[in-house]
Every structure is written in C-alpha cells, then in structure tokens.
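An overview of the molecular structure
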Amino acid sequence: MTSSGAQVELVSISKSFKSSGTAVASVDLNIGAGEFVTLLGPSGSGKTTTLNMIAGFIDPDEGSVRLDGVDVVSTPVHKRDIGMVFQQFSLFPHMTVGENIAFPLKERGMKRAQVAEAVESVLEKVNLAGYANRKPQELSGGQQQRAAIARAIVFGPRLLLMDEPLSALDKKLREHLQLEIKRIQRDLGVTCVFVTHDQEEALLLSDRIVVFNEGEVVQVGTPAEVYAHPSERFVAEFLGDSNLFDGTLGTDDDGARTLGCDEGVFPVATGHADGAACLLLRPEVIELSPSRTAGVRPQIRCVVEDSDYFGPVTKYWVRSETGRMLHVRQTQDPESFLPVGAEVFLSWDPARGHILAGQ
C-alpha cells in the first residue's frame, strides 16, 4: 500500500440549494500535496458542502475542483481516487472487518493474494491486527472507526476526505484517534481534508485551518496564526475563548499607540491606523494578581465571580468595575487559588494582545 498526496485546488466554487439558499459562495482554496487541512466552522457554514464537492457527491453550480491540476467536476466519484471516512462508520454489517476493507480492492479487480496482503498490512497500520474475522458489531466504536479508516486508505488514495469522523465517539476515544489519524496521514503522505466543528481538534491535527462562516472562507492559516491572530471578530470568538475590548486606536503624547475603551486607555502593539478597533486578549495571556503591580503594564481591577479547577490550570471568571465579564486561565499551585469575591488585578504584555482594526 503506497500513497502520494494530491494537490487540491478549488476555483471559485459555489453551491445553492432551493430549500436553504446559498451554501457555499465563491470559495477559492489551494491545498498542497501531503497537507492536512481542516475545514472548520459552525453548523451550516458550508464546510461539509465544500467537502462533498471535492468528493464528487455534489456538483458545484459554478467553479472547478482540480486534483493535480485536472478539473474533476465531471469525473465520477469512484474515479477520483479518493478515500472517504464518514461520521457514521458505514461498515457493511454482514461482512467481516477483513471483507469490509477488501471491498474497494476487489472492486478494482485486484488479485486475491494481493488483497489478502494489503488487508493484513493496513490492519497493522491502524492497530487492528488480528481483527480481520470479526464482524463490525463485535468491535468498539473506536475500533469500528479505525476499520473505516483502513477501508478508506487500503487502496492508496491520493486524497483522504474525513467528515466529522470522531464526533460519535466519547472524549477519550476521540483524543486517542486524533493522534492515530495524524500518524497514519503522515506515514502515508496522503493529502487530507478534514471537516469538524471542534476547535481543539482542528488546532491539534491541522497543518492549516480553513475557517468558514455563512458559506464563505473568512480565514486560512496555521493553527497558531488563526488562534493568535484572527482576521475578524467571528474567528476570534469562534476559535477558543476570547476577551474583546471595543474602543478607539490612537497615539499618546509620547508617540506610543493606545486603545481607549470603557476599562481605560491601554498601550497596544499595532501598525493599524487610528480609528475604531477591538483588542483581543486570550485567557492565557492575562496574569492575575491580588494587588496592583508596579510597572508600565496595563491593569484592570476586577472581582472573582467564579472559577473551575482543572488540576494544574484554573479558569477564572472575573468582573471588571464596568461590569464586563472576563475569562482568565492560570497555571498555579493550589496555595495561590483565588476565592470567589476576591479583589484581583489583571495585567498583560501589550505585545500579546491582538488588534482587530475597524471592528
């Protein structure tokens, strides 16, 4: 079983449905050979429709889908050399695991001895060696999904498409299979397009994340880029927890850039022009102190409203004097735990804040 990744290019693809209107609006996207790209967004944002147009289950109304430079819009699904993994395992219940995995090979006319060798090899790759003679219903959910992955990759596809493949599993199984999927994808070198609404899953797995909203691509970038430097308010709020301060960018008497908002005037690091803007502070960039600290860092006086303890990390909800509720994540020992009602001061490094201009 060998595989080499396909280059995928979406050129202004659009799709509308009579019942729901525009699902995807003129999406352009380039995916490199061997890249793991996640389509991320809320329900109804267009990510699954886009995946289905790549697979060939849905034809775009406009635009083209190109694999290694060849437009495949008119190419049937079974001739696109694509492996597909669905949310539901979609295994044939009357077949054994081995027979399920062998099915696409037999459809391609492979000889029996080659089929047996390929099935054995892929079972080892997905950690199911020895399970060939079991029926799907005799497997756990995680094992069934690994069998579905094995069936999708056994013929060495150039492109692997995965539509919410882990959402039916419990948290522990999901986390384990996330690592398995990434390992398998890297071992094969296959290009993978993965659909999810789970932000943490996207951050963990992806080389790049494509964020969808209302049928449009609103940002494409590495996990670090999309998380730390979102392009717009929607991305900042959808991907992880966010503290957003609406205000006005300006310049003080010393020439330093500032953002004025309800909580005060704070130094910022930005090249954006003066005007309306929003400061994004992720919960982990904020530091909490029971007293005001010396120095030039911005500070906000707050009161602890609630907290959740997660072992080495505690998540606090604190309320500022203006009534704004803020989220803060702190790595601290139990002795420094801050009780509800405690007065605290928030501070942060201005360089770790992100400015969304004009929002």
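Residues numbered from 1 in each chain as written. Predicted model: local features only at pLDDT ≥ 70, side-chain atom pairs only at ≥ 80, totals over all residues. Heavy atoms only, no water.

1. Structural notes on the overall build of the protein
This is how the line gets drawn: Put simply, DSSP H or I for four residues or longer makes a helix, DSSP E for two residues or longer makes a strand, and each gets a number counted from the N terminus. With a 1.4 Å probe rolled over the protein chains alone, any residue whose accessible area is under 20% of its type maximum counts as buried; one over 50% counts as exposed, and the rest are partly exposed. We call two residues in contact whenever any of their non-hydrogen atoms come within 4.5 Å of each other. The method behind every accessible area is Shrake-Rupley, applied with a 1.4 Å probe, and residues are considered shielded solely by the protein chains displayed. Positive charges are assigned to Lys and Arg, negative charges to Asp and Glu, while His and the chain termini are left out of the count. Charged groups are reduced to one reference atom each: NZ for lysine, CZ for arginine, CG for aspartic acid, CD for glutamic acid.
When helices and strands are counted, the protein shows 8 helices and 20 strands. Each principal axis of the C-alpha distribution contributes one length, and for the protein these read about 80 × 50 × 35 Å. Looking at the 359 residues of the protein, the share that counts as buried comes to 50%. Put simply, of all contacts in the protein between residues at least 6 apart along the chain, 66% involve residues at least 24 apart. Counting only carbon and sulfur atoms, one obtains 48% of the accessible surface of the protein, whose full area is about 16,800 Å². In the protein, which carries 34 positive and 48 negative side-chain charges, the distance between the mean positions of the two groups comes to 8 Å.

2. Quick look at the sheet that holds strand E7 (residues 159-163)
Going by this rule: Strand pairing follows a simple DSSP-based rule, namely that at least 2 bridges must link the two strands. Lines fitted to C-alpha atoms define the axes here, with helix axes fitted over just the stretch in contact, and angles between the N-to-C directions of these axes take values from 0 to 180 degrees.
Strands sit in the order E6-E7-E8-E3-E9-E10 across an open sheet of 6 strands; the sheet is mixed. Each edge of the open sheet carries a strand with a single partner, namely strand E6 (82-85) and strand E10 (216-221). Across the sheet, the axes of successive neighbouring strands diverge by a mean angle of 15°, strand direction being ignored. Sheet analysis places strand E3 (residues 36-40) next to strand E9 (residues 208-213), joined by 4 bridges and oriented parallel. Pairing of Val37 across the sheet is with Arg208, part of E9. Helix H5 (residues 171-188) rests against E3, E7 and strand E8 (191-196) of the sheet, and its axis sits at about 135° to E3.

3. So, the UniProt feature "domain: ABC transporter" (unreviewed entry) in the protein
Quick note on the threshold: UniProt positions are given in the numbering used here, feature names are shortened, and annotations may be inferred rather than shown by experiment.
Using the residue numbers shown here, the UniProt feature "domain: ABC transporter" (unreviewed entry) corresponds to residues 8-239. The straight-line gap between the two end C-alpha atoms of residues 8-239 is 25 Å; of that span, 36% is helix and 26% is strand.

4. Considerations on the packing of aromatic side chains
To keep things clear, this is the line we draw: Pairing of aromatic rings covers Phe, Tyr and Trp, the last through its six-membered ring, and needs centres within 6.5 Å; plane angles under 30 degrees mean stacked, over 60 mean edge-to-face, and all others mean tilted. Here, a charge over a ring means that NZ of Lys or CZ of Arg falls within 6 Å of the ring centre while also lying within 35 degrees of the ring normal.
Counted by the stated rule, this structure contains 8 aromatic pairs. Between Phe36 and Phe194, the aromatic rings sit 5.7 Å apart at their centres with planes inclined by 40°, giving tilted as the arrangement. Taken together, the positions of Phe36 in strand E3 and Phe194 in strand E8 put the pair 158 residues apart, joining distant regions of the chain. The same class applies to Phe36 as to Phe194, namely buried. On the numbers, 6.4 Å between centres and 20° between planes, the contact of Phe245 with Trp348 is stacked. With Phe245 in strand E11 (residues 243-251) and Trp348 in the loop between strand E19 (343-347) and strand E20 (354-357), this pair connects stretches of sequence that are 103 residues apart. Connected via pairs of aromatic rings, a cluster forms that spans Phe245, Phe266 and Trp348. Cation over ring: Arg108 sits above Phe155, and NZ or CZ is 3.8 Å from the ring centre.

5. A look at helix H1 (residues 47-55)
Within H1, 8 of the 9 residues are buried, which leaves the element mostly enclosed by the surrounding structure. Buried residues of H1: Lys47, Thr49, Thr50, Leu51, Asn52, Met53, Ile54 and Ala55, and no others.

6. Quick notes on the packing of helix H2 (residues 97-107) against helix H3 (residues 112-125)
What counts, and what does not: Any angle that falls under 35 degrees is termed roughly parallel, while one over 145 is termed roughly antiparallel, one within 65 to 115 roughly perpendicular, and all others oblique. Crossing handedness is read from the near helix: turned anticlockwise from the far helix by less than a right angle, it gives a left-handed crossing, and turned clockwise, a right-handed one. Residue type decides the class: Asp, Glu, Lys and Arg count as charged, Ala, Val, Leu, Ile, Met, Phe, Trp, Tyr, Cys and Pro as nonpolar, and the leftover types, Gly among them, as polar.
It is the contact of H2 with H3, at a shortest axis distance of 9 Å, that shows an interaxial angle of 125°. The orientation of H2 with respect to H3, classified from their angle, is oblique. Considering only the axes of H2 and H3, their crossing is right-handed. Between H2 and H3, the contacting residues are Val97, Gly98, Ile101, Ala102, Leu105 and Lys106 on the first element and Val115, Ala118, Val119, Val122 and Leu123 on the second. Residue composition of the contact of H2 with H3, grouped by class: 9 nonpolar, 1 polar and 1 charged.

7. Details of empty space enclosed by the protein
Rolled over the atoms, a probe sized like a water molecule indicates the empty space that remains. Condition: Points on a 1 Å grid over protein atoms alone make up a cavity when a 1.4 Å probe fits among them but cannot get out, and a pocket when they form an open set with protein on both sides within 12 Å along at least five of seven lines; lining residues each have an atom within 4 Å of a point. Grid points are joined across faces, edges and corners, and a volume is the space filled by probe spheres set on the points.
Enumeration according to the criterion identifies 1 cavity of 30 Å³ or more in this entry. Within this model, the largest cavity holds a volume of roughly 40 Å³. In terms of lining residues, the largest cavity is bounded by Ile149, Leu160, Met162, Ile181, Ile184 and Gln185. Elements with a minimum of two residues in the lining of the largest cavity: E7 and H5. When residues in the lining of the largest cavity are grouped by element, the largest group, 3 residues, is from H5. For the lining of the largest cavity, a count of residues per class yields 5 nonpolar, 1 polar and no charged.

8. Remarks on the environment of Asn52
Within the fold, Asn52 resides in helix H1. A relative accessible area of 16% means that Asn52 is categorised as buried. For the pair Asn52 and Leu161, spaced 109 residues apart in sequence, the C-alpha to C-alpha distance is 9.0 Å. Setting aside residues up to four positions removed in sequence, Asn52 forms contacts with Phe57, Ile58 and Met84.

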